[in-house]
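# Secondary and tertiary structure notes
Spelled out, the chains give:
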Amino acid sequence: LFTVAATTHYDFGAKLGALAAPRVQRWLSDYRPLRRTLLPFVATAPGAAALDSLLNASCTQFPNYCEEVEGLAHGSGAPLQSLQVLSLRHELTTLAGAAPHPECTDVLSAGIIAHNEDASPELKASAFLVNASIAETDTAYLAFHYPGTTAGHAFGFNHRARVAVTMNAVFP
């Protein structure tokens, strides 16, 4: 569990990146789809254009999260592009024409929601919980983080309404 209090999203990312640097570096090394599919794709002209377009759309709508990823790269010493690609991995996988990598399982039944991290065994050594507070946006949460990405790829709870959030990847 990493507890991080910050003023800005960039500052939060830099602090979390510094704390989790070995885990981020390990995930960049261990996550095979990044090395085998995603980074080679964005090294091509169509892949670079796709990444640029996705980043432009994402950062226009969600500038704080883009700043957080920049902070994560700075704090962890990881290449910014690798973290950007991880953040957009589902979209880029589809655009590359690659088969989706197995993802985790979510179940909703009779008002109970459950999330199982059964996708990438490599996450067992890399992922972590974060107790976060970011003053500039009055954000506070406890969430399971994939290394080098913002919260939201797995389960979490925010401070506003005690909302539990989980997600499953949905590919177009």
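Heads up: the structure comes first, above all this text.
Scope of this entry: the structure provided in the associated data block. (Residues numbered from 1 in each chain as written. Predicted model: local features only at pLDDT ≥ 70, side-chain atom pairs only at ≥ 80, totals over all residues. Heavy atoms only, no water.)

## A look at the overall build of the protein
Summing up its helical and strand segments, the protein has six helices and seven strands in all. Each helix and strand of the protein, ordered N terminal to C terminal, gives the series β-α-α-α-α-α-α-β-β-β-β-β-β. Relative to its length of 172 residues, the protein is compact, with a C-alpha radius of gyration of 16 Å against a globular reference of 16 Å. With the principal axes as the frame, the protein shows a C-alpha extent of 45 × 40 × 30 Å. Burial status across the protein gives 41% buried among its 172 residues. Considering only contacts in the protein between residues 6 or more positions apart, those separated by 24 or more positions represent 60%. Just so you have it, the protein exposes about 8,800 Å², and 58% of that area is on carbon and sulfur atoms. (Helix = DSSP H or I, 4+ residues; strand = E, 2+ residues; numbered from the N terminus. Rg over C-alpha atoms; globule rule 2.2 N^0.38 Å. Buried < 20%, exposed > 50% of the residue type's maximum accessible area, 1.4 Å probe, protein only. Contact = heavy atoms within 4.5 Å. Areas by Shrake-Rupley, 256 points an atom, 1.4 Å probe, with all protein chains shown as cover.)

## Some thoughts on the pairing of strand β3 (residues 112-116)
Examined bridge by bridge, strand β2 (residues 105-109) and β3 share five bridges and lie antiparallel to one another. Its bridge partner being in β3, S109 is matched across the sheet by I112. Where β2 folds back on β3, the antiparallel hairpin that results is connected by two residues, among which A110 adopts a positive phi of roughly 50°. (Pairing = 2+ DSSP bridges.)

## Details of helix α2 (residues 32-42)
Here α2 has its buried residues at P33, L34, L38, F41 and V42. Buried residues of α2, viewed axially, fall in a sector of 105°; they line one side. Next to the buried residues of α2 lie α1 (9-30), α3 (45-61), α5 (80-87) and α6 (89-95). (Arc of directions from axis to C-beta.)

## Focus on the packing of aromatic side chains
The final tally for this structure, using the stated rule, is seven aromatic pairs. Ring centres 6.0 Å apart and planes at 35° place the aromatic pair F62 and Y65 in the tilted group. Residue classification places F62 among the partly exposed residues on the basis of a relative accessible area of 49%. The partly exposed category is assigned to Y65, whose relative accessible area is 45%. Put simply, the rings of W27, Y31, F144, Y146 and F155 pair up and form one aromatic cluster. (Phe/Tyr/Trp six-rings, centres within 6.5 Å; stacked < 30°, edge-to-face > 60°.)

## Re unusual backbone geometry
One non-glycine residue with positive phi stands out, namely D138, at about 50°. Inspection of the secondary structure assignment puts D138 in the loop between β4 (128-134) and β5 (139-145). Overall, D138 belongs to the partly exposed group, its relative accessible area being 47%.

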